[in-house]
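Residue-level listing of the chains:
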Amino acid sequence: MENNKPSTYAKAGVDIRREELAIKGISGWLEKTFKFREGKIGAVMKGIGGYANLVDLGEYALAMTTDGVGSKVLVAQELDKYDTVGIDCIAMNVNDLICVGAEPIALVDYLAVESVNEKITSEISIGLYEGARQAEITIVGGETATLPDVIRGVDKKGFDLAGTAVGVVKKDKIITGGDIIVGDKVVGIRSNGIHSNGLTLARKVLPKNMWSQLLKPTRIYVREVLSIIDEFPVHGLAHITGSAYLKLRRITELGFILDNLPEPGMIFKKIQELANITDEEMYKTFNMGIGFCVITDEESAKSIVEKYKSEYKLEIIGTVVEEPEVTIKRGDLEFKLK
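Just so we're clear, the structure is a prediction, and the values are computed from it rather than from any experiment. Note on numbering: residues in each chain are counted from 1, in written sequence order. Given that the model is predicted, a residue must reach a pLDDT of at least 70 before its local features are reported, and side-chain atom pairs must reach 80 or more before they are shown or counted; all residues, however, enter totals for whole chains, interfaces and linings. Side-chain measures here rest on the full set of heavy atoms in the structure, leaving out hydrogens and waters.

Colleague: What is the right way to look at the nonpolar core in this model?
Modeller: The tendency in soluble globular proteins is for nonpolar side chains to be buried as a group. In terms of nonpolar packing, the biggest core is built from 94 residues, with Phe159, Tyr245, Leu258 and Ile271 touching the most fellow members. By definition, any uninterrupted DSSP run of H or I lasting at least four residues is a helix, any uninterrupted run of E lasting at least two residues is a strand, and each is numbered from the N terminus. Here this core gets seven residues from one element, more than from any other, and that element is helix H4 (residues 85-97). The contact partners of phenylalanine 159, leaving out residues within four places of it in the chain, are Val73, Ala76, Gln77, Tyr82, Val85, Leu111, Ala112, Val113, Ile120, Ile124 and Ile151. Among the buried residues, those of types Ala, Val, Leu, Ile, Met, Phe, Trp, Tyr and Cys that are joined through side-chain atoms within 4.5 Å form a nonpolar core. For each residue, the accessible area found with a 1.4 Å probe, counting protein chains only, is set against the maximum for its type, and the residue is called buried under 20%, exposed over 50%, and partly exposed in between. Residue contacts are defined here by distance: any two heavy atoms, one from each residue, within 4.5 Å place the two residues in contact.

Colleague: I'm lost on the state of the cysteines in this one. Help?
Modeller: Between two cysteines, a covalent bond joining their sulfur atoms is known as a disulfide. Two cysteine sulfur atoms form a disulfide, by the criterion used here, when they sit within 2.5 Å. Considering all chains together, one arrives at zero disulfides under this definition. The thiol of cysteine 293 is not disulfide-bonded; the next cysteine sulfur, from cysteine 99, is found 9.5 Å away. The buried category is assigned to cysteine 293, whose relative accessible area is 0%.

Colleague: Help me out: how do you make sense of the sheet that holds strand E11 (residues 326-330) in this one?
Modeller: Each strand in a sheet pairs with another by means of backbone hydrogen bonds, the pair being arranged parallel or else antiparallel. Only strands joined by at least two bridges in the DSSP assignment are considered to pair. The strand order across the open sheet built from seven strands is E7-E9-E6-E10-E8-E11-E12, with neighbouring strands paired in mixed fashion. Unpaired on one side and paired on the other, strand E7 (234-239) and strand E12 (333-337) mark the two borders of the sheet. For this sheet, the mean angle separating the axes of adjacent strands, direction not counted, is 25°. Lying over the sheet, helix H7 (residues 222-231) contacts strand E6 (185-190), E7, strand E9 (290-296) and strand E10 (314-321), oriented at roughly 170° with respect to E7. Taken strand by strand, helix H10 (residues 298-313) contacts E6, E9 and E10, and its axis lies near 150° from that of E10. Think of each axis as a best-fit line through the C-alpha atoms, taken over the contacting stretch in the case of a helix, with angles from 0 to 180 degrees between the N-to-C directions.

Right under this line is the structure:
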């Protein structure tokens, strides 16, 4: 029987390369606004393109980022279950903030709905509370909008959920990836499943009787990462989200060999099997078992694993190399991500 399932993220409707080009066009205009705060409180400290940007507050920098739940909201609508997507909203934001060494402190959410449904909004709120509890942040406000001409969903249950979060970091503790050197090790912290990326492809591949696996909430790494950076000299941090392991190229011009990645979970194996997806496509679309990476020197990496391996579910998964590419090695397989 012919397999008509999409075999790439682009064929499913999400072209990461085109997104990157679009972002470059947008960033050009946004960066022109930096001059409006030059020499004032709140001057911008980095260019656009990292996990979070930073503005100068004197001794401290304020880190800011924004993100949403994406097409995972369609899975929630199909299954009529909404109490985990709020956790995803928190996670996608706070996990990006900690990539610059910042401690997340607060978030505002934006909930756009097709029509007001008290069950849906109540369950989403439960998830937002749980995510905030795990991340130890406050949700200080937000916006709810009823937009029937814009938001369309399953059986009039459509909604979109996003948030904007802020964190703080002392300026001498900011982590940019600039300290990464050849020979550094990559410590990978396990994911909690598919998290909130690649859902456009996963939904079109998996049968609906497996969709409950897609609603497992994104793991929040705040406690683990803040503990590690408080105890060890960390050179770089990467949240493995859209474009997966290519995200490592966001923090350095050096390359990586990842030769000790975990065995992918059942959900990833099933997606790959049902749509005959290549290994390369899987590792540049899905987290494949690792949701966050800490880059540090070899001695510190070994110490981190020795202290936190079982508690935090982490291990050394690779090494920084000179060649500016990400190479995956698993058993007899070896391929570069492009």
